[in-house]
Amino acid sequence: MAACARQGKRAKVILSNVTNVYSNLALEHWILNNWRFSKFDCLFVYRNEPCVVVGRFQNTWKEVNVSRAQRQGVNIARRVSGGGTVYHDLGNVNFSFFTDKPSHCPAKNLQFLSKTLNDRHRLAIDPNKRHDLFIGDKKISGSASRIIRTGSFHHCTLLVNSDLVKLSGLLHGDKTLKGTATASVPSPTTSIVSAMSRDLTNQTCDVISTAHIIDLVAENYLSLYRQNPSVNVDLWSEECNQDTESDVILVDKVPDKILDPHHESFEWIFGKSPKFSKEFEVSGNVYTVNVEKGLVKGVNDTENCELVGRRYDPEVIHQFLTQDHIENIS
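Our subject in this report is the structure included herewith.

Thresholds, definitions, all that
Residues numbered from 1 in each chain as written. Predicted model: local features only at pLDDT ≥ 70, side-chain atom pairs only at ≥ 80, totals over all residues. Heavy atoms only, no water. Helix = DSSP H or I, 4+ residues; strand = E, 2+ residues; numbered from the N terminus. Buried < 20%, exposed > 50% of the residue type's maximum accessible area, 1.4 Å probe, protein only. Contact = heavy atoms within 4.5 Å. Areas by Shrake-Rupley, 256 points an atom, 1.4 Å probe, with all protein chains shown as cover. Phe/Tyr/Trp six-rings, centres within 6.5 Å; stacked < 30°, edge-to-face > 60°. Lys NZ or Arg CZ within 6 Å of the ring centre and 35° of its normal. Pairing = 2+ DSSP bridges. Axes fitted to C-alpha atoms, helices over the stretch in contact; angles between N-to-C directions. 1 Å grid on protein atoms, 1.4 Å probe; cavity = no way out; pocket = protein on both sides within 12 Å on 5 of 7 lines; lining within 4 Å. Points joined across faces, edges and corners; volume = space filled by probe spheres on them. Nonpolar A, V, L, I, M, F, W, Y, C, P; charged D, E, K, R; others polar.

## A short note on the overall build of the protein chain
Along its length, the protein chain carries nine helices and 17 strands. By the burial criterion, 52% of the 330 residues in the protein chain qualify as buried. Counted over contacts in the protein chain with a minimum sequence separation of 6, partners at least 24 positions apart contribute 70%. Surface exposure of the protein chain reaches about 15,900 Å², of which carbon and sulfur atoms provide 47%.

Now the structure itself:
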């Protein structure tokens, strides 16, 4: 079954050796905006150092334990697609399926992915209607999409051997925040290796690795188009373009011209959170802090407060309210 491919198309696989979340998201966005998918489909595969990625329309503080992420040196990013918040580390593989707009079909991509893994390793992976992948009642993959006039991508995570304890600790933001942001749908999670280690009848756990999964999926993806992996070529080499004969393209570096500093900024990662409010209780009094674009807009419906205009930081705000700064906002 072709992953949304139309008859007569060819396929490309782009394998990124870059592990920086901002670089890989920038490259993903660049491929969507610069390649045309009338004749080619593309699978972009990448891994990232530990990071948390929120959906385009989400509230970062509500989805992520921001203070823990900062203490642990875990990057927080916002992607251009919708959907919920996900955790990446080097034990997770990200697959991004590019095609033209009419062929966009996440369900078939996930059917391809689950069948590839199930046929090889008897994993009993099942997609659901939300375009997640589950083993039993536990989630191993979440996905989201981006569609523009000239093309589309559907990307998904795959928890192969991720740090599930770290994942759980980071994906617990402040659920008391009030607003209209898209909320993640919580689900119990597992990884492929964890699920296989509990299955005493499955003897292939030792061969499962991210490298094995990447090779398996890439080979099966190309086989859908009756192609075999050919000579690798670097994406930025002079002989490489969308029409190159090579089916497998490597990325060892993302050029500065591709990167967008805005996507690493407070304004994008936090400031794009839809406006919200947070109640702080101090000495028996309740103070409602209103936030827009990541900045304090007012406290208790007044803008006559030293907090106004500052970046939202719950620890700093609580400390401010417990000191002698509240005479104008009572």
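## A short note on the packing of aromatic side chains
Here the structure, examined in full by the defined rule, presents 13 aromatic pairs. Relative to Tyr312, the ring of Phe276 has its centre 5.2 Å away and its plane inclined at 90°; by these criteria the two rings are edge-to-face. Note that Phe276 is positioned in strand E15 (residues 276-282) and Tyr312 in the loop between strand E17 (295-299) and helix H9 (314-322), a separation of 36 residues in sequence. Exposure class is identical for Phe276 and Tyr312. Each is buried. Taken together, Trp61, Phe266, Phe270, Phe276 and Tyr312 form an aromatic cluster joined through their ring pairs. Sitting above the plane of the Phe280 ring, Lys278 keeps its charged end 5.6 Å from the centroid. Note that Arg311 overlies the ring of Phe266, its terminal NZ or CZ placed 4.1 Å from the centroid.

## Some remarks on the sheet that holds strand E12 (residues 178-179)
With respect to topology, four strands assemble into an open sheet ordered E12-E15-E16-E17, the strand pairing being antiparallel. Lying at the two open borders of the sheet, with one neighbouring strand each, are E12 and E17. Here E15 pairs with strand E16 (residues 285-292) via seven bridges, running antiparallel. Residue Phe280 lies in a different strand from E16, and its bridge partner there is Tyr287. Sheet strands touched by H9: E15, E16 and E17. Its angle to E15, the strand with the most contacts, is close to 40°.

## Some words on unusual backbone geometry
Positive phi values are uncommon outside glycine, yet Ala124 reaches one of about 60°. In this fold, Ala124 is placed in the loop between helix H4 (106-121) and strand E7 (125-127). With a phi angle near 65°, His131 is a residue other than glycine that sits in the positive phi range. By secondary structure assignment, the location of His131 is in the loop between E7 and strand E8 (133-135).

## Concerning the layout of surface pockets
Over the atoms, a rolling probe the size of a water molecule traces out where space has been left empty. Volume-wise, the largest pocket comes out at about 810 Å³. Lining the largest pocket we find 39 residues, and of these Thr85, Val86, Lys139, Ser184 and Val185 sit closest to its centre. Only strand E5 (86-88), strand E9 (138-141), strand E10 (143-148), strand E11 (151-159) and helix H5 (164-170) provide two or more residues apiece to the lining of the largest pocket. If one sorts the elements of the lining of the largest pocket by residue count, E11 sits on top with four residues. Looking at the lining of the largest pocket, its residues break down into 15 nonpolar, 18 polar and six charged. Considered as a void within the structure, the second largest pocket measures approximately 360 Å³ in volume. Those elements that place two or more of their residues in the lining of the second largest pocket are helix H3 (66-72) and H9.

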